[in-house]
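Fold and contact review
Residue-level listing of the chains:
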Amino acid sequence: MPARPADSRSIDPRLLRAFVTVAEELHFTRAATRLYVAQQALSRDVRRLERELGAELFVRTTRQVTLTGDGERLLPYARRVLAAQDDLLAAFGQARPLLVDLNSAGLGTPRRVLHRARELAPELELMARYESGLTGAAEDLVTGRLDASFGRYAGLDPALRRRLSHQPVRFEPMAIVLPEHHRLASRAAVPLAELSGETVYAGAGNPRTPEWTDLAHRLFEGRGIKVAPPVPLAVGDEEFERIMSKGGYPVLAVVDFPALRGCVLRPLVDPVPLSPVSLVWRKGLTHPGLEALRRAAAEVGAGEGWLRRPVGSWVPGVDLALAKTPE
């Protein structure tokens, strides 16, 4: 296709958004699903952009879609144009909704940050989803299907971390969920040494939460505590309560884990293990809702002392190193 000068006034931002989404997904069907349009309409928009630019942007075969050299060259420009459009609309109260994964409806830290962000920016739409686990959210973050999430940033694959930014939010004290008939259920707090010989469930086998399982392995190492083998994931409070009532494993949790019938939640001590929680987003993302989330996390965290660590507490060294270098 011969190149010709493009009239930038004729380029509809919708066409650029179609191009960027296909470039991120490298799959027309997935890109169409993400944009809530028919695949045929998306293909028409990409072909129209190619005509207007006088350049072929994708190589399409029956098995794969790849960017051409011109496509690679266009991508950073297109992203900057769309970011500028988002900023312009935001300045006039028309920012697109910001999609935030809170991991689980029962976790208080992300929910409190989101609640405060909504108070700081009531004119914005900050939409929550609950799909559990930072690793599970990370691919959606880097491809733009999701804007922000919360979790243990150090537990992500380094290749993913290079495409993400983070802001430490909290060192959250960890706890143990016990069946109410468990030998340790009567304790006000459970020393880690008392769990020696126990097998504790920490999400092993759940592809959305390997960062949590890794944290458990680091905590239990040398303490005689085993991580429970993979089991089918209990979805919903009712199913969780049913399994625990039948003698399920103790479950590693955090101190604001929701109350469940037939179970007790006890903080872990000696030492107090801390779960590092960060706000995580795609590198280069600009959105007033993200700025509201960052302000809210800093404000609530400062007021509650969320980033202060008790004397003698436990945090993996890799997490402490990354907490000192937020991006």
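What this report covers is the structure whose coordinates are included nearby. For every chain, the first residue of its written sequence is number 1, and the numbers climb from 1 along that sequence. Local features in this predicted model are restricted to residues of pLDDT 70 or higher, and side-chain atom pairs are both shown and tallied only at a pLDDT of 80 or more, whereas totals for entire chains, interfaces and linings draw on every residue. Excluding hydrogens and water, the side-chain values take into account all heavy atoms of the structure.

What to know about the pattern of salt bridges
- A pair is scored as a salt bridge if a Lys or Arg side-chain nitrogen falls within 4 Å of a carboxyl oxygen belonging to Asp or Glu. All chains considered together, the criterion is met by 19 salt bridges.
- Residues aspartate 140 and arginine 129 are paired through a salt bridge, measuring 3.2 Å at the closest nitrogen-oxygen approach. With aspartate 140 in helix 6 (residues 134-143) and arginine 129 in strand 4 (residues 126-129), this residue pair connects regions lying 11 residues apart in the sequence. The exposure classification of aspartate 140 matches that of arginine 129, with both residues buried.
- Glutamate 198 is the salt-bridge partner of arginine 183, the closest N and O atoms lying 3.1 Å from each other. Here the residue arginine 183 occupies a position in the loop between strand 6 (164-179) and strand 7 (190-191), and glutamate 198 occupies one in the loop between strand 7 and strand 8 (199-200), the gap between them amounting to 15 residues. Going along the chain from the N terminus, every DSSP run of H or I of four or more residues is numbered as a helix, and every run of E of two or more is numbered as a strand. Relative accessibility thresholds used throughout: buried, under 20% of the residue-type maximum; exposed, over 50%; partly exposed, between the two (1.4 Å probe, protein chains only).

Let's talk about helix 3 (residues 39-53)
- Over its 15 residues, helix 3 runs 21 Å from end to end, which matches the ideal 21 Å to within 8%, given 1.5 Å per residue.
- Among all positions of helix 3, only Leu42, Ser43, Asp45, Val46, Leu49, Glu50, Glu52 and Leu53 are buried. A helix is expected to span 1.5 Å for every residue after the first.

Some remarks on the packing of helix 1 (residues 13-25) against helix 2 (residues 28-35)
- Here an angle of 0 to 180 degrees is reported between the N-to-C directions of two axes, which are lines fitted to C-alpha atoms, with helices fitted over the stretch in contact. Close contact between helix 1 and helix 2 brings their axes to 8 Å; oriented N to C, the two are set at 130°. Between helix 1 and helix 2, the angle is such that the two are oblique. Considering the relative orientation of helix 1 and helix 2, their crossing is right-handed. Listed contacts from helix 2 to Arg17, Ala18, Thr21, Val22, Glu24 and Glu25 of helix 1 are Phe28, Arg30, Ala31, Arg34 and Leu35. Should an angle fall under 35 degrees it is taken as roughly parallel, and over 145 as roughly antiparallel, whereas 65 to 115 is taken as roughly perpendicular and any remaining angle as oblique. Two helices that cross are described as forming a left-handed crossing if the nearer one is turned anticlockwise from the farther one by less than a right angle, and a right-handed crossing if clockwise. The criterion used for residue contact is that any of the two residues' heavy atoms lie within 4.5 Å.

Description of the packing of aromatic side chains
- Working definition: rings of Phe, Tyr and Trp (its six-membered ring) pair if their centres are within 6.5 Å, and the pair is stacked with planes under 30 degrees apart, edge-to-face with planes over 60 apart, and tilted otherwise. Under the defined criterion, the tally for this structure stands at two aromatic pairs.
- Their ring planes at 50° and their centres at 5.5 Å tell us that phenylalanine 19 and phenylalanine 58 sit as a pair that is tilted. Of this pair, phenylalanine 19 sits in helix 1 while phenylalanine 58 sits in strand 1 (residues 58-60), and the two are 39 residues apart along the sequence. Of the two residues, phenylalanine 19 and phenylalanine 58, both sit in the buried class.
- A centroid spacing of 6.0 Å and a plane angle of 70° characterise the contact between phenylalanine 28 and phenylalanine 58, whose relative ring orientation is edge-to-face. Taken together, the residues span a long stretch of sequence, with phenylalanine 28 in helix 2 and phenylalanine 58 in strand 1 at a distance of 30 residues.
- Of the residues examined, phenylalanine 28 reaches a relative accessible area of 10% and is grouped as buried.
- Connected via pairs of aromatic rings, a cluster forms that spans Phe19, Phe28 and Phe58.

A few points about the pairing of strand 12 (residues 274-282)
- A large share of strand 12 lies buried, amounting to nine of its nine residues.
- With four bridges connecting them, strand 5 (residues 148-151) and strand 12 associate as antiparallel partners. The partner of glycine 151 across the bridge, within strand 12, is serine 278.
- Where strand 6 and strand 12 come together, nine bridges link them in antiparallel fashion. Within the sheet, the bridge partner assigned to leucine 164 lies in strand 12 and is arginine 282. DSSP-based pairing: two strands are paired if at least 2 bridges between them are found.

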